[in-house]
Amino acid sequence: MLVWACIAPHGGELIPDLAGPDLAPMELTRSSMEAMGHRLHAAQPETIVVLTPHGALAPGGVCVGINPVGKGSLEGPDDVSIDFEHAMDVELAQIIINRALAASVPIAVAQMGNRLRPEPHLDLDWGVTVPLWFFGARWKHKPRIVVICPCLTTPRRDLVEFGAEIVSAARQVGRRIALVCSADQGHGHSADGPYGYAV
């Protein structure tokens, strides 16, 4: 069942290790992410489904990762980096895929690796890595994850149907599922950026 959901930003500056010497500009957003992380932890999710705009794209459709392990890593200033691994909920991912296909939603499957790698992993983009840093990556008992990347050209009706199938799949699998929609939130995090800085 679906027990928790949110829309979360994914600017790398949210992570203190990657923010460089100036933590202040993102402090309000950072503290809000920490607070959301506490609420998510209290909901005790067994799996976190993350929707990202920056992963593997399938033109006009939705891409779902099915590797057994997801690896996230990001680099910051002064050669500082963060990295972590999450087990992926392949069973839930496959149920979502099957339900979406039955509902005529265009689906693609992302799977990295080859025959020589016994446990291939999915590289997690920053749209997944940043929210998970606050939502499970540092927990003692990390939830499994499902990574989904809808293409910007996917018709709205397909996206709405796909969302309904995620909820139905969560009910079908019988586990506690959280949903995180990772969003750019206007790109207002840098005075030098195309949209300037906005708190």
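Scroll up to find the structure.
The shown structure was predicted, so the numbers you read here are calculated from the model rather than taken from an experiment.

Asks: Would you explain the environment of Leu 101 in this entry?
Replies: Relative to the elements of secondary structure, Leu 101 occurs in helix H2 (residues 90-102). Taking relative accessible area as the criterion, Leu 101 reaches 47% and is therefore assigned partly exposed. Sequence spacing of Leu 101 and Phe 162 is 61 residues, and the spatial spacing of their C-alpha atoms is 9.3 Å.

Asks: Can you walk me through the pattern of salt bridges in this structure?
Replies: Any two side chains of opposite charge can pair, given that their charged atoms come close. Applying the stated rule across the entire model yields six salt bridges. Taking the shortest distance from any N to any O, the salt bridge between Asp 89 and Arg 175 comes out at 2.8 Å. Placement of Asp 89 in the loop between strand E5 (81-87) and H2 and of Arg 175 in the loop between helix H4 (156-173) and strand E9 (177-183) is noted, with a sequence separation of 86 residues between them. Residues Asp 89 and Arg 175 agree in their burial class; the two are buried. When the shortest N-O distance is used, the salt bridge between Arg 99 and Glu 165 registers 2.9 Å.

Asks: Would you mind going over the nonpolar core with me for this structure?
Replies: Among soluble globular proteins, nonpolar side chains are generally buried collectively. Formed by 35 residues in total, the largest nonpolar core has its most connected members in Trp 4, Ile 48 and Phe 135. Mapped by element, the contributors of at least two residues to this core are strand E1 (2-9), helix H1 (27-43), strand E2 (47-51), E5, strand E7 (121-124), helix H3 (126-134), strand E8 (144-150) and E9. Considering each element in turn, this core owes the most residues, five residues, to H3. Listed in part, the 22 residues of the second largest apolar core include Val 62, Ile 97, Val 146 and Ile 166.

Asks: Whenever I open this one, unusual backbone geometry confuses me. Can you help?
Replies: Glycine aside, residues mostly have negative phi angles, and peptide bonds mostly take the trans form. The backbone of Gln 44 sits at a positive phi, close to 55°, despite the residue not being glycine. Assessed through its relative accessible area of 55%, Gln 44 is described here as exposed. Phi at Asp 79 is positive, roughly 60°, even though this residue is not glycine. Residue placement: Asp 79 occurs in the loop between strand E4 (69-75) and E5.

Cut-offs and rules
Residues numbered from 1 in each chain as written. Predicted model: local features only at pLDDT ≥ 70, side-chain atom pairs only at ≥ 80, totals over all residues. Heavy atoms only, no water. Helix = DSSP H or I, 4+ residues; strand = E, 2+ residues; numbered from the N terminus. Buried < 20%, exposed > 50% of the residue type's maximum accessible area, 1.4 Å probe, protein only. Salt bridge = Lys/Arg side-chain N within 4 Å of Asp/Glu carboxyl O. Core = buried A, V, L, I, M, F, W, Y, C linked by side-chain atoms within 4.5 Å.

Function-wise, these values are silent; they only describe arrangement.
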